[in-house]
Amino acid sequence: MMAAAETDSKGLFSLYPYHVSEELGFILPEPLEELPPYYQPWMDITWQLPELVHSHKLRAHINKMPLLSSSFLKKHKELRLARLALGMMTMGYVWQEGEDNPAEILPRNLSVPYWEVSQRLGLPPILTHNDVVLANWKKKDPEGPFDLENLELLFNFPGGDGGQGFFIVNLLVELAAAPALRSIPTVINGVRCGDTEAVARALEDIGQSIQDMTDTFKLIQMHADPLFFYGVLRIYLSGWRDNPCMPKGLIYEGVQTEPMQYSGGSAAQSSLLHCFDELLGVKHDEKSGAFLTRMRGYMLPAHRQLIQDISLQPSLRSFVQQHPSEQLNQAFHLCVTKLLALRNYHITAVSRFVTVPAAHARRLRNQRQGLEGELINRAPIALEEKGTSGSNIMIFLKTVRDQTKDAFLPETSMNLI
């Protein structure tokens, strides 16, 4: 088993060392639903989080919560569930009163164990894509399929089931990428030994998988409500870096006396597109590249290392250019085309879920209307033009989309419509 895990120039490149599931990709397989009984106070509050936020009682409950030691958490899945619960509580605590009165201090009975658990996992103490998407799911029927009808979240934010569709579609996009991740070692090993046919076949599989990701992503149109996402859910994914509501950041009591700043959850924290970019040779400019690199700090260290190690392999793009194989050239072109289409759809989705509701909210405020817009009027104003991670989201997405076009080989880039 260990021989297959070698990733140096002599051994085969393998996903084994990076904690990537053959079937589920970066998704945490079968997350735990319960922690040891000692941690029941955490679980009880997190299960009630939507109701406690709605009644403005979450902060009071957390303030009375006992300070529990994280030392009884021994297994990886226990740490992931604890981190998810502590992260959900943290976002609810900070944003319980909306953007007008965010908490400036996280109490030590929450901040200290959250810091400790996060340190053990190599993650920052804020809710990330890794938590709320990859580790926040269960099957209704354990023997049933991994699909929209049979999946539900372990923990919800305020708004009842309104956030289920949004997070579960994102989870299914990650699932759709699993075949592409499985094919990456085949590409790398094929490039190393000069096997153009193996590389071409693996690239065809990757291209199909990226197409499946886009098709799955489109389910969000039917299973998530843009007004709910913008008006209710979005603030609980917002961080305290590059956020005008919290210019100084958040003090983690008992951890550090100075405020700390962390970005909120973002699709840029998914390891998928980072892997594809490194494999296909997509290069980003200084600004967007710096943001994407910073987002890698919000991934599990093993997944971060996979992206880094893919970047250190012999160049696939150069390999394709050096080998006069029509099948290889077309397969590479297919992958870049599908990646470009995925990024184009992401722009469409962000327009539908952020840009259009933001414009609608501004109109209602200007007209001083509050009836039909009651839901959207609760939306935070400070991040209207930004993503939950604090980036100027449309400028960033369009820049990254345009940089993807540059990965086309010179003779094929001329054929772009």
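It should be emphasised that the depicted structure is a prediction, and the values quoted were computed from it without experimental measurement. (Residues numbered from 1 in each chain as written. Predicted model: local features only at pLDDT ≥ 70, side-chain atom pairs only at ≥ 80, totals over all residues. Heavy atoms only, no water.)

## Observations regarding the overall build of the protein
Helix and strand content of the protein: 19 helices and 4 strands. Every one of the 417 residues in the protein was classed for burial, and the buried ones make up 56%. Contacts in the protein between residues at least 24 apart in sequence constitute 77% of all its contacts with a sequence separation of at least 6. On the protein, roughly 18300 Å² of surface is accessible, and the fraction owed to carbon and sulfur atoms is 53%. (Helix = DSSP H or I, 4+ residues; strand = E, 2+ residues; numbered from the N terminus. Buried < 20%, exposed > 50% of the residue type's maximum accessible area, 1.4 Å probe, protein only. Contact = heavy atoms within 4.5 Å. Areas by Shrake-Rupley, 256 points an atom, 1.4 Å probe, with all protein chains shown as cover.)

## Quick notes on helix α5 (residues 108–121)
In this model α5 runs 19 Å from its N-terminal to its C-terminal C-alpha over 14 residues, within 8% of the 20 Å that 1.5 Å per residue would give. Turning to α5, its buried residues number three or more, namely Asn109, Leu110, Ser111, Val112, Pro113, Tyr114, Val117, Ser118 and Leu121. Buried-residue contacts for α5 involve α1 (40–47), α3 (58–63), α4 (76–95), β1 (105–106), β4 (251–252) and α14 (301–311). Looking one or two residues past α5, Gly122 carries a phi angle of roughly 75 degrees, positive in sign. (Expected span 1.5 Å × (residues − 1).)

## As for the environment of Asp285
Looking at where Asp285 falls in the secondary structure, it is placed in the loop between α12 (271–280) and α13 (286–295). Take Asp285: its relative accessible area is 37%, and that puts it in the partly exposed class. In the structure, Asp285 is positioned 118 residues away from Gln403 in sequence and 8.0 Å away in space, judged by C-alpha atoms. Among the polar contacts listed, one links the side chain of Asp285 to the side chain of Ser288, at a separation of 2.7 Å. Among the polar contacts listed, one links the side chain of Asp285 to the side chain of Gln403, at a separation of 3.0 Å. (Polar contact = N/O pair within 3.5 Å; in protein donor to acceptor, adjacent residues only side chain to side chain.)

## Focus on unusual backbone geometry
For Glu30, which is not glycine, the phi torsion reads 40 degrees and is therefore positive. With respect to the secondary-structure elements, Glu30 resides in the segment before α1.

## Here we look at the pattern of salt bridges
Inspection of every chain in the model, using the stated rule, returns 11 salt bridges. Across the pair Glu197 and Arg201 runs a salt bridge whose closest N-O atoms are separated by 3.7 Å. Taken as a pair, Glu197 and Arg201 lie in helix α9 (residues 196–217) at a separation of 4 residues, close to a single helical turn. By relative accessible area, which is 49% here, Glu197 ends up partly exposed. The partner of Arg343 in a salt bridge is Asp277, and the shortest N-O contact between them spans 2.9 Å. Of this pair, Arg343 sits in helix α16 (residues 326–366) while Asp277 sits in helix α12, placing them 66 residues apart in sequence. The pair Arg343 / Asp277 is uniform in exposure class, with both members buried. Several salt bridges converge on common partners, so that one network encompasses Glu33, Lys138 and Glu152. (Salt bridge = Lys/Arg side-chain N within 4 Å of Asp/Glu carboxyl O.)

## A few points about the side chain of Thr214
For Thr214, the location among the structural elements is in helix α9. Classification of Thr214 by relative accessible area gives buried; the value is 5%. Not counting residues within four places of it along the chain, the set of residues in contact with Thr214 comprises Lys338, Ala341, Leu342 and Tyr345.

## Some thoughts on the packing of aromatic side chains
Overall, the coordinates contain 13 aromatic pairs when judged by the stated rule. Pairing Trp137 with Phe146 gives two aromatic rings, centres 4.8 Å apart and planes at 55 degrees, and the pair type is tilted. Judged by relative accessible area, which is 5%, Trp137 ranks as buried. On the basis of relative accessible area, Phe146 is assigned to the buried category, the value being 17%. An aromatic cluster of three or more residues is present, and its members are Tyr38, Tyr39, Trp42 and Phe72. Across from the ring centre of Tyr93, 5.7 Å away, lies the NZ or CZ of Arg59, which sits over that ring. (Phe/Tyr/Trp six-rings, centres within 6.5 Å; stacked < 30°, edge-to-face > 60°. Lys NZ or Arg CZ within 6 Å of the ring centre and 35° of its normal.)

## Regarding the environment of Glu78
Relative to the helices and strands, Glu78 is located in helix α4. Its relative accessible area of 12% is what places Glu78 among the buried residues. The spatial distance from the C-alpha of Glu78 to the C-alpha of Val117 is 9.8 Å, given a sequence separation of 39 residues. Every residue in contact with Glu78, bar those within four places of it in the chain, is listed here: Leu32, Leu35, Pro36, Phe72 and Leu73. Here Lys74 takes part through its backbone nitrogen, which lies 2.8 Å from a polar atom of the side chain of Glu78.

## As for the confidence of the model for the protein
Residues of the protein with pLDDT of at least 70 account for 90%, and the chain-wide mean is 91. Contacts for the low-pLDDT stretch residues 1–9, under 50 throughout, to residues beyond four places or in other chains number 19 contacts. Low pLDDT (under 50) marks residues 413–417, which in the prediction has 2 contacts with non-local residues, meaning those over four places away or in another chain. (pLDDT = per-residue confidence, 0-100.)

## Structural notes on the side chain of Asn130
Summarising the element assignment, Asn130 is placed in helix α6 (residues 129–132). Relative accessible area serves as the criterion here: at 3%, Asn130 is assigned to the buried category. In this view, Asn130 contacts Arg80, Leu123, Ala135, Tyr298 and Leu300; residues no more than four positions away in its chain are not counted.

## Brief notes about helix α18 (residues 393–405)
In this model α18 runs 19 Å from its N-terminal to its C-terminal C-alpha over 13 residues, within 8% of the 18 Å that 1.5 Å per residue would give. Taken as a whole, α18 has its buried residues at Ile393, Met394, Phe396, Leu397, Val400, Arg401, Gln403 and Thr404.

## Some thoughts on the nonpolar core
Within the largest apolar cluster, 134 residues are counted, with the highest numbers of intra-cluster contacts made by Trp42, Phe157, Leu203, Trp240 and Leu316. Per-element accounting of this core gives the leading share, 16 residues, to α16. In this structure Trp240 touches Thr90, Met91, Val94, Trp95, Ile126, Met246, Gly249, Leu250, Tyr252, Met260, Gln261 and Tyr262, once residues within four positions along its chain are discounted. (Core = buried A, V, L, I, M, F, W, Y, C linked by side-chain atoms within 4.5 Å.)

## Focus: the packing of helix α8 (residues 178–193) against α12
Contact geometry for α8 and α12: axes closest at 11 Å, N-to-C directions at 20 degrees. Overall, the two elements α8 and α12 adopt an arrangement that is roughly parallel. As α8 runs across α12, the sense of the crossing is left-handed. Packed against α8, whose contacting residues are Ala180, Leu181, Ile184, Val187 and Ile188, the element α12 presents Leu272, Cys275, Phe276 and Leu279 at the interface. Classifying every residue of the contact of α8 with α12 gives 9 nonpolar, no polar and no charged. (Axes fitted to C-alpha atoms, helices over the stretch in contact; angles between N-to-C directions. Parallel < 35°, antiparallel > 145°, perpendicular 65-115°, else oblique. Left-handed = near helix turned anticlockwise from the far one by under 90°. Nonpolar A, V, L, I, M, F, W, Y, C, P; charged D, E, K, R; others polar.)

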